[in-house]
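Fold and contact review
What follows is the residue order along each chain.
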Amino acid sequence: MDTTLRIDSLTVDIGPGRVIDGISFEVAEGRILGLVGESGSGKTMTALAVLGLLPEGAVIRSGQVLLKGNDIVPMSPEERRRLRGKKAAMSFQEPFTAFNPVMRIGEQVTEAMRAHGMSRAGAEKRLAELSRMVKLSPGICRHYPHELSGGERQRMMIAMALSCGPDLLILDEPTTALDVSVQKHILDLVSELQRRKKFSVLFITHDFSVVNKIADDVAVMKEGRIVEKGSKDKVLKAPGHEYTRKLIGCIPRLGDTRKRLPV
Amino acid sequence: MMIEVTDLKKYFYKRKGFFSPSSDPVKAVDGVSFSVEKGSTFGLVGESGCGKTTVARILSGILEKDAGRFSISGKRDMVFQDPFGSLNPRMHIYGILSESLKVSKVSPAEARARCVEALELVNLDPAGVMDKYPHQFSGGERQRIAIARALVNRPEILILDEPVSSLDVSIQAGILNLLKDLQEEKSLTYLFISHDLRVVEFMSDTVGVMKNGKIVECASAKEIYSSPKHPYTRILLEAVPSF
Ligand SMILES: Nc1ncnc2c1ncn2[C@@H]1O[C@H](COP(=O)(O)OP(=O)(O)OP(=O)(O)O)[C@@H](O)[C@H]1O
Ligand SMILES: Nc1ncnc2c1ncn2[C@@H]1O[C@H](COP(=O)(O)OP(=O)(O)OP(=O)(O)O)[C@@H](O)[C@H]1O
Ligand SMILES: [Mg+2]
Ligand SMILES: [Mg+2]
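Residues numbered from 1 in each chain as written. Chains lettered and ligands numbered in written order. Predicted model: local features only at pLDDT ≥ 70, side-chain atom pairs only at ≥ 80, totals over all residues. Heavy atoms only, no water.

A word on the coordination of the magnesium ion (ligand 3)
Residues and elements named next belong to chain A. Here is the rule: As a rule, N, O and S atoms within 2.8 Å of a metal are its donors, except that Na, K and Ca use 3.2 Å; water is not among the atoms, so sites may look incomplete. Secondary structure follows DSSP: runs of H or I at least 4 residues long count as helices, runs of E at least 2 residues long count as strands, and numbering of each begins at the N terminus. Buried residues are those whose accessible area, probed at 1.4 Å on protein chains only, stays under 20% of the maximum for their type, while exposed residues exceed 50% and partly exposed ones sit between those limits.
At this site the magnesium ion (ligand 3) is bound by Thr44 (OG1) and Gln93 (OE1), with donor distances of 2.0 to 2.2 Å. Residue Thr44 is found in helix 1 (residues 43–51), and its partner Gln93 is found in the loop between strand 6 (88–91) and helix 3 (95–98); the two are separated by 49 residues along the sequence. In this structure Gln93 comes out as buried when scored by relative accessible area, which is 12%.

Section: the packing of helix 4 (residues 105–115) of chain A against helix 5 (residues 120–133) of chain A
Residues and elements named next belong to chain A. Formally: To define axes, lines are fitted to C-alpha atoms, for helices over the stretch in contact only, and angles between the resulting N-to-C directions are given on a 0 to 180 degree scale. Orientation is classified from the angle alone, with under 35 degrees giving roughly parallel, over 145 giving roughly antiparallel, 65 to 115 giving roughly perpendicular, and any other angle giving oblique. Take the far helix as your reference; a near helix turned counterclockwise from it by less than a right angle gives a left-handed crossing, and one turned clockwise gives a right-handed crossing. By definition in these notes, contact holds between two residues if any of their heavy atoms fall within 4.5 Å. All residues other than Ala, Val, Leu, Ile, Met, Phe, Trp, Tyr, Cys, Pro, Asp, Glu, Lys and Arg, Gly among them, are scored as polar; the first ten of these are nonpolar and the last four charged.
Contact geometry of helix 4 with helix 5 gives a least axis separation of 9 Å together with a crossing angle of 125°. Classified by the interaxial angle, the pair formed by helix 4 and helix 5 is oblique. By crossing handedness, the relation of helix 4 to helix 5 is classed as right-handed. On helix 5, the residues touching Gly106, Val109, Thr110, Met113 and Arg114 of helix 4 are Arg120, Ala123, Glu124, Arg126, Leu127 and Leu130. Looking at the contact of helix 4 with helix 5, its residues break down into five nonpolar, two polar and four charged.

Remarks on the domain arrangement of chain B
All names here are of chain B. The condition that has to hold: All the domain ranges listed were derived from an automatic or database domain assignment. Buried area adds together the accessible area that both of two parts lose upon being put together, with accessible area traced by a 1.4 Å probe. We define a salt bridge as a contact between a side-chain nitrogen of Lys or Arg and a carboxyl oxygen of Asp or Glu at a distance within 4 Å. Pairs of N or O atoms within 3.5 Å make up the polar contacts considered here, provided that, within protein, one atom can donate a hydrogen while the other can accept it, and that residues adjacent in sequence are counted only when both atoms are side-chain atoms.
Entries for chain B in the domain assignment read domain 1 (1–74 + 156–243) and domain 2 (87–154). Contact with domain 1, which involves 12 residues of that partner, is made by 10 residues of domain 2. For the domain 1 and domain 2 pair, buried surface summed over both sides reaches about 920 Å², with 71% attributable to carbon and sulfur atoms. Of all residues in domain 1, Ile171, Ile175 and Leu178 give up the largest surface area on contact with domain 2, accounting jointly for 39% of the area buried on that side. Here domain 1 is connected to domain 2 by zero salt bridges. Inspection of the domain 1/domain 2 interface yields four residue pairs in polar contact (both at pLDDT 80 or more). Counting residues per element, the side of domain 1 that touches domain 2 draws most heavily on helix 7 (residues 169–186), at four residues. Classifying every residue of the side of domain 1 that touches domain 2 by side-chain character gives eight nonpolar, two polar and two charged.

A short note on the sheet that holds strand 1 (residues 3–12) of chain B
Residues and elements named next belong to chain B. Under the convention used in this document: Being paired, for any two strands, means DSSP has found at least two bridges between them.
Taken in spatial order, the three strands of this open sheet run 2-1-4, and their pairing is antiparallel. Lying at the two open borders of the sheet, with one neighbouring strand each, are strand 2 (26–36) and strand 4 (67–72). If you compare each strand with its neighbour and ignore which way they point, the axes differ by 20° on average. With eight bridges connecting them, strand 1 and strand 2 associate as antiparallel partners. Across the sheet, residue Lys10 finds its bridge partner in strand 2, namely Val29.

Concerning the site of ligand 1
Defined as follows: We call a residue near a molecule or strand whenever a single non-hydrogen atom of that residue lies within 4 Å of it. Throughout, the Shrake-Rupley method with a 1.4 Å probe supplies accessible areas, and for residues the shown protein chains are the sole cover considered.
Neighbouring ligand 1 are 19 residues, the closest being Gly40(A), Thr44(A), Ser138(B), Gly140(B) and Glu141(B). Residue His135(B) places a main-chain N or O atom 3.5 Å away from a nitrogen atom belonging to ligand 1. The side chain of Glu141(B) places a nitrogen or oxygen atom 2.6 Å from an oxygen atom of ligand 1. For ligand 1, whose free accessible area comes to 640 Å², the fraction covered by protein is 89%. Within the residue set of the shell around ligand 1, elements represented by two or more residues are helix 1 of chain A together with helix 6 (139–152) of chain B. Within the shell around ligand 1, the residues separate by chemical class into five nonpolar, 11 polar and three charged.

The following block contains the structure:
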């Protein structure tokens, strides 16, 4: 099987701080990798490294980021830009800041499609289709980002990431503003599209029930490192690392009668 | 009652074409009533887009209501759903945290001590945080900064809109415990909005379930979770994923 994404010993520094510390993992073709871990452990930075969108001041010290075999580390910004959308697309953790505040939200999605050569009419038709897929009424596309609820923006962000049919879909905390039934719809949608179109997914979340539902494989990050990775069943049912076990112990459950949660 | 809301309404007028008149509004909040006792937590759950944030923004005084009444009997503060959008990008964290203290005439030494304390409470290292700017943090770190900012002000009422949605479960548990401890010590009152029904059950005394701008069911957390009456509440509870 081909590997859609392979990260090999990647190390990234920002100023004096090491934010990614020699991580290696891969997302095979047609598989979904769930990436969980500590807040601030480098999950978003890993995703941004794949897209060539690391923040100013970030330096890749060593390692490779192979998208379908091509290392993006030595590429120019222009070469990386061309990969975004079609080779890899991302739904950002904070949609509010990822969208342009003074442009209607639908136009931002069609603009992305048109940048990849789609006609205006084609892009508009696809936008209506995408918004229905994420359970939004197409009318909402005429709104500005601040006129949407948190979960509506989040779904528009997911629609935008899907719009150009990427080989690798990166979803960074895509369900933090979705009620359980819309969340279920979105997870079913991603699984269904993924099976049909055979793309690969890097799914970043802190929610273990989401990982349990959607992922094939799971990696756990802490302090810039991957402390554990393996098949979902292995990592969730028989976690090998102490930190993974600790996390699983902290999950609140329905009908929990504990006065305080373990931390 | 610390929070009393009666028949609150907020309509947004839809954007049509350039010149066509705007017609049927989005009834974001359409006759919401509830009250929250001192020292208790009211959990607000519901469909994405049903009006939860709109209620929260009206109660925190940043959005005008269209109709209805509400009263808030005490100093309030809010943690917003989008932490990045709510933190001034041009101010360093110390500036953001201490801003509200300037108006309440707290001495600089006291202000600094309060900021350090608040950051420690949310599991951030004050020395590594205070001089940095919001964009230099991860999503979950910014969410904790937003919580610290609200705590610094020592409010009696906290409006929390998805306050733990980007935190790993261990840090989330720490923040939830912290909120409960503060509530016990200082008799704080919370309006707690979350899409995570497990978290809401853990936190709340009373729960309101919203759909399309209305509260469709409101009862003690025990009742909502053990014998939900409204079909929508049942749908939500059945959709709670296991694990
Ligand atoms: N622009 C920046 N400058 C300096 N440090 C940064 C910057 N952005 C992020 N960091 C730091 O890099 C580390 C990794 O951040 P990252 O956003 O990847 O975390 P994360 O795993 O996605 O966390 P979360 O779950 O909270 O979103 C954090 O410690 C963060 O403070
Ligand atoms: N400024 C605005 N102009 C027009 N419509 C708006 C505006 N603000 C909110 N809305 C609409 O009002 C409804 C309620 O939004 P609100 O943000 O209160 O929802 P919410 O319950 O917080 O949802 P979520 O769980 O997704 O955050 C949504 O349908 C939204 O599109
Ligand atoms: Mg992140
Ligand atoms: Mg909201």
